[in-house]
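Take a look at the letters that make up each chain.
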Amino acid sequence: MKKLIPETFTEYQFISSPLLSPDGQYTAFVAQTMDMENNCYIGKLYVIDTKGGTPRQMSEKDIKHFIWTPDGTLMYSQPAGEEDAPKMAYFTIDPATGAESCAQTISTMGGLPTFTEDGRWIIPGQVMLQEKNPRYTEIRELPYWSDGRGFTCGKRNALYLVDPEKDEAELITPRHFQVMGTDYQDGTLLYIGNEYTDCAEFRKGVYIYDVKTGQTSCVVQPGIFDIFHANLLDKDTAIIRGAKKEDSAYSEGFFYRIDLKDGTCTKISDYDKKSEFCCIVGDVMLGLGQPNKAYDGKLYFVTVDGEYSYIRSIDRDGNLSPALTMDGVTNFFDVNDHGLVFYGYRGDRLGELYVLEQDGTERELTRLNDAVLEQYHIAERIPIAFTDADDVEIRGWVMPPADYEPGKKYPAILNIHGGPRGTWGAEFNHEMQVWANAGYFVLFCNPRGSAGRGNAFADLNLGMGNVDYDNFMAFVDHCLAKWTDIDEKRLGVAGGSYGGYMVNWIIGHTDRFAAASSQRSISNWVSMDGLSDMGYYASGLQFGGFLDTHAEHLWDISPLKYAHNAVTPTIFLQSEGDYRCPMEQALQMYAVLKRKGVESKVILFKGESHGLSREGQPQNRLTRMHEILDWMNRHLQ
């Protein structure tokens, strides 16, 4: 079989946004492919009969977002009008015939609508509070920038109520309000967020807007919950998933029922595994979908449990269903009166769409990627576990190299996920397959601090670089003992975000690794306090205090403090537009290593954000993979 290489991922199709038609006859979805010449992704809208069949492409246009209208047609939007008078055009497509027409053009620039019962639309848009100046940027609020969006001073995500026939729009939310999420049922609009003119409160409030009366009420005040999602069970009841101020900084929160009439908040479950979205780390998912949806008096949600993610449901009284889907990774879904369809990974395969049958079995609906992977060697993920010093089981995997010959020595790469509340699981990972196909053992585990095993396991007790570091070193020791063909003199370590933090920490605390790759990393919690888009609240939340009160503690857990000990050749990969872990974090580490004479270099990617490895421009993603592999080959092979 062929060896899987970085370029192989240009052959994949990336599926997202599965949505059932109102009558359940069709499932619509987007499949994106890479256009390497133009360095972009092309999205195509498809429809497939939910009972089975061949997907049909609905348009030649590049479409990445769509909805179903109440009458069962597809709708997408594209900018229209002149530069000085922009408009948004909304197109509909008949799923049976493919006939396409422009249904409406309006002056309000925004996203796809939510349809009200009286024919009006709720449109997500923006409010601009200050004029742009071509010569400088004025900053007078926190946060002042956001990863993937750049400077956000004077910008707010807002909601508009639009009469499409009259092209009239009314701003629903206050001008200084930042909308972070919405849900809608039967004339009731729920939205979460906060209003600020100075420093934003990251613990958001929950608000209800009555479409008929135009009245808004706050049902959960800001400052109480870090709200992960909020959903309407009916016009009188919502369920939120949130962590209270007094909960651990690493808490995944709990489910609460909100009585929308009087604002009564009742905890309904102690379930403590992640339900905001699937946080199992991968690099072959592009696009979005629904990780939670209220339907028929229950909240359906994706939750991570160990190395798998499932769909479960919870009702108003906290009755939790068992897992509705089978072992594997499930990312997002849709459910209505006619069934449930979801996107997920099963076995060592790329993501496809599946239908959950009434008897609880799963039926594969698409097979867009089968022909690709059938040509290539796919390394097996072999589970391996050990018990740490606190008697906690740590689980991980070993992927042997392609053409593995027992008795022959091979190099290995330890790969560290982001988060720390991410997790490795049963999801196809292209880059790790590349490494295995290039002749490496690939080692990866979920240390303390990872998601999927409850709040106690995720709690790092106001610090990093302690029990998690011990877990990684013990995991490597355990792998070396179990797999004696790993050459302990040819070990590499790689990771991004929190994983990059750990790489920086590791090279300052041990010389056991012969090569390192630190990506979108953290090196200095002191400077992160004021520079990261989450720095204005994250230090106080995760570590108990900020730069002005806890500088010594922040410095003690900063890899930069120990960088003078490093001897490991290290490549730093960073995006210039990363406002989550700004590029100065990598450059500070690089400067120390260079002064000490440690072989190192930095690759700064232009036009990229924190999500380069998952959603960056195709050419940059390829360059990134080659730079890491070339660095490992140079020092380990």
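Residues numbered from 1 in each chain as written. Predicted model: local features only at pLDDT ≥ 70, side-chain atom pairs only at ≥ 80, totals over all residues. Heavy atoms only, no water.

Chemist: Honestly, the overall build of the protein chain in this entry has me stumped. Any pointers?
Modeler: Looking only at helices and strands, the protein chain features 11 helices and 37 strands. By the compact-globule yardstick of 26 Å for 637 residues, the protein chain fits well, its C-alpha radius of gyration being 25 Å. Referenced to the eigenvectors of the C-alpha coordinate spread, the extents of the protein chain come out at roughly 70 × 60 × 50 Å. Look at the contacts in the protein chain between residues 6 or more apart in sequence, and 58% of them connect residues 24 or more apart. Charge-centre separation for the protein chain: the mean point of 60 positive side chains lies 3 Å from the mean point of 89 negative side chains. (Helix = DSSP H or I, 4+ residues; strand = E, 2+ residues; numbered from the N terminus. Rg over C-alpha atoms; globule rule 2.2 N^0.38 Å. Contact = heavy atoms within 4.5 Å. Lys, Arg positive; Asp, Glu negative; His and termini not counted. Charge placed at Lys NZ, Arg CZ, Asp CG, Glu CD.)

Chemist: Is there a simple way to think about the pattern of salt bridges in this case?
Modeler: Where charged atoms of side chains with opposite charge meet at close range, the side chains can pair. Scanning the model with the defined rule gives 31 salt bridges in all. Two residues, Arg-448 and Asp-388, come together in a salt bridge whose shortest N-O distance is 2.8 Å. Of this pair, Arg-448 sits in the loop between β33 (441–446) and α3 (455–458) while Asp-388 is found in the loop between β30 (382–387) and β31 (393–399), placing the two residues 60 residues apart along the sequence. Residues Arg-448 and Asp-388 agree in their burial class; the two are buried. A salt bridge links Arg-490 to Asp-487, with the nearest nitrogen and oxygen atoms 3.0 Å apart. By relative accessible area, Asp-487 is classed as buried at 17%. (Salt bridge = Lys/Arg side-chain N within 4 Å of Asp/Glu carboxyl O. Buried < 20%, exposed > 50% of the residue type's maximum accessible area, 1.4 Å probe, protein only.)

Chemist: In this structure, what is going on with the sheet that holds strand β7 (residues 85–93)? I would like to understand it.
Modeler: To summarise the sheet geometry, strands pair through backbone hydrogen bonds and adopt either a parallel or an antiparallel arrangement. Strand order in the open sheet made by the four strands is β5-β6-β7-β8, with antiparallel pairing throughout. Looking at which strands have only one partner, the edges of the open sheet turn out to be β5 (67–68) and β8 (100–106). Sheet topology places β5 next to strand β6 (residues 74–82); two bridges connect them, and they run antiparallel. By the bridge assignment, Trp-68 is partnered in β6 with Leu-74. (Pairing = 2+ DSSP bridges.)

Chemist: Just to check I follow, could you spell out the side chain of Asn-292 for this structure?
Modeler: When you line up the elements, Asn-292 lands in strand β23 (residues 292–295). At 3.1 Å, the side chain of Asn-292 forms a polar contact with the side chain of Asn-231. For Asn-292, the residues in contact, after removing those within four places along its chain, are His-229, Asn-231, Ser-275, Glu-276, Leu-299, Tyr-300, Phe-301 and Phe-333. (Polar contact = N/O pair within 3.5 Å; in protein donor to acceptor, adjacent residues only side chain to side chain.)

Chemist: What exactly am I supposed to notice about the packing of aromatic side chains here?
Modeler: For any pair of aromatic rings, the description consists of the separation of the ring centres together with the inter-plane angle of the planes. What the rule picks out here adds up to 35 aromatic pairs. Both rings, one in Tyr-191 and one in Tyr-207, keep their centres 5.5 Å apart while their planes meet at 10°; by these two values the pair is stacked. You can see Tyr-191 sitting in strand β16 (residues 188–195) and its partner Tyr-207 sitting in strand β17 (residues 205–210), a full 16 residues away along the chain. Judged by relative accessible area, which is 1%, Tyr-191 ranks as buried. (Phe/Tyr/Trp six-rings, centres within 6.5 Å; stacked < 30°, edge-to-face > 60°.)

Chemist: What is the right way to look at unusual backbone geometry in this model?
Modeler: Trans is the common state for peptide bonds, and a negative phi is the common state for residues other than glycine. Going from Leu-142 to Pro-143, the amide bond is cis rather than trans, its omega being -5°. With respect to the helices and strands, the residue Pro-143 is situated in the loop between β10 (121–128) and β11 (145–146). The linkage connecting Gly-419 with the following residue, Pro-420, adopts the cis geometry, with an omega of 10°. You can see Pro-420 is positioned in the loop between β32 (410–416) and α2 (430–437). The phi dihedral of Asp-186 is positive, around 45°, even though this residue is not glycine.

Chemist: Even after reading the chapter, I still don't get the packing of α2 against helix α11 (residues 618–636), so can you show me in this structure?
Modeler: Pairs of packed helices are described in terms of their axes, by the angle between the two and the distance that separates them. Contact geometry of α2 with α11 gives a least axis separation of 11 Å together with a crossing angle of 35°. Here the hand of the crossing between α2 and α11 comes out right-handed. From α2, His-430, Glu-431, Val-434 and Trp-435 reach across to α11, where they touch Arg-624, Met-625, Ile-628 and Leu-629. Of the residues contributing to the contact of α2 with α11, the split by class is five nonpolar, one polar and two charged. (Axes fitted to C-alpha atoms, helices over the stretch in contact; angles between N-to-C directions. Left-handed = near helix turned anticlockwise from the far one by under 90°. Nonpolar A, V, L, I, M, F, W, Y, C, P; charged D, E, K, R; others polar.)

Chemist: Looking at this structure, I do not really get the state of the cysteines. What am I missing?
Modeler: The term disulfide refers to a covalent linkage connecting the sulfur atoms of a pair of cysteines. Throughout the structure, instances matching the rule amount to zero disulfides. Cys-265 takes part in no disulfide bond, and the closest cysteine sulfur, belonging to Cys-218, lies 12 Å away. (Disulfide = S-S within 2.5 Å.)

Chemist: Mind showing me how you'd approach the nonpolar core here?
Modeler: For soluble globular proteins, nonpolar side chains are generally found buried alongside one another. Of all hydrophobic cores here, the largest spans 69 residues; its most connected members are Tyr-12, Phe-428 and Trp-435. It is α11 that provides the largest number of residues to this core, a total of seven residues. Leaving out residues up to four positions away in the same chain, Tyr-12 has contacts with Leu-4, Gln-32, Thr-33, Val-284, Leu-350, Asn-369, Val-372, Leu-373, Phe-428 and His-430. (Core = buried A, V, L, I, M, F, W, Y, C linked by side-chain atoms within 4.5 Å.)

Chemist: How do you make sense of helix α4 (residues 467–482) when you look at a structure like this?
Modeler: Since one α-helical turn is 3.6 residues long, residues separated by three or four positions face the same way. With 16 residues, α4 should reach 22 Å at 1.5 Å per residue; the first-to-last C-alpha distance of 22 Å fits that figure. Buried residues along α4 sit against β30, β31, β32, β33, β34 (486–496) and α5 (498–507). (Expected span 1.5 Å × (residues − 1).)

Chemist: Explanation requested: α5 in the structure shown.
Modeler: Of all 10 residues making up α5, 10 are buried, and the element is well covered by its neighbours. Buried within α5 we find Tyr-498, Gly-499, Gly-500, Tyr-501, Met-502, Val-503, Asn-504, Trp-505, Ile-506 and Ile-507.

Chemist: Before we go on, may I ask you to explain a nonpolar patch on the surface in this structure?
Modeler: A cluster of nonpolar side chains, namely Met-583, Leu-587 and Leu-604, defines an oily patch on the protein surface of about 200 Å² accessible area. Within the fold, Leu-587 resides in helix α9 (residues 584–596). Among the residues examined, Leu-587 registers a relative accessible area of 33% and is labelled partly exposed. (Patch = residues over 30% accessible without salt bridge, like charges linked within 9 Å, V, L, I, M, F, W, Y side chains within 5 Å. Areas by Shrake-Rupley, 256 points an atom, 1.4 Å probe, with all protein chains shown as cover.)

Chemist: Explain the environment of Arg-56 here, please?
Modeler: As for its position among the elements, Arg-56 is in strand β4 (residues 56–57). Sequence spacing of Arg-56 and Pro-95 is 39 residues, and the spatial spacing of their C-alpha atoms is 9.1 Å. Among the polar contacts made by the side chain of Arg-56, one reaches the main-chain carbonyl oxygen of Pro-95 at a distance of 2.9 Å.

Chemist: Can you walk me through the side chain of Ser-59 in this structure?
Modeler: As for its position among the elements, Ser-59 is in the loop between β4 and β5. On the accessibility criterion, Ser-59 (6% relative accessible area) is buried. Apart from residues lying up to four places away in sequence, Ser-59 is in contact with Lys-44, Leu-45, Tyr-76, Ile-93 and Glu-100.

Chemist: How should I be thinking about the pairing of β33 in this particular structure?
Modeler: Looking down a regular strand, the side chains alternate between one sheet face and the other. With six of its six residues buried, β33 lies for the most part within the structure. Relative to β33, β31 runs antiparallel, the two sharing five bridges. Looking at the pairing, Met-399 lines up with Val-442 of β33. Inspection of the sheet shows β32 paired to β33 by three bridges, in the parallel sense.

Chemist: How should the pairing of β16 be read in this particular structure?
Modeler: When you tally the buried positions in β16, you get seven out of eight residues, the bulk of the element. Pairing of strand β15 (residues 177–185) with β16, which is carried by eight bridges, proceeds in the antiparallel orientation. Its bridge partner lying in β16, Gly-181 is registered against Ile-192. Once β15 ends, the chain turns through two residues before running back antiparallel as β16, passing Asp-186 with a positive phi of about 45°. The pairing of β16 with β17 spans six bridges and is antiparallel.

None of the figures reported here should be taken as evidence of function without further support.
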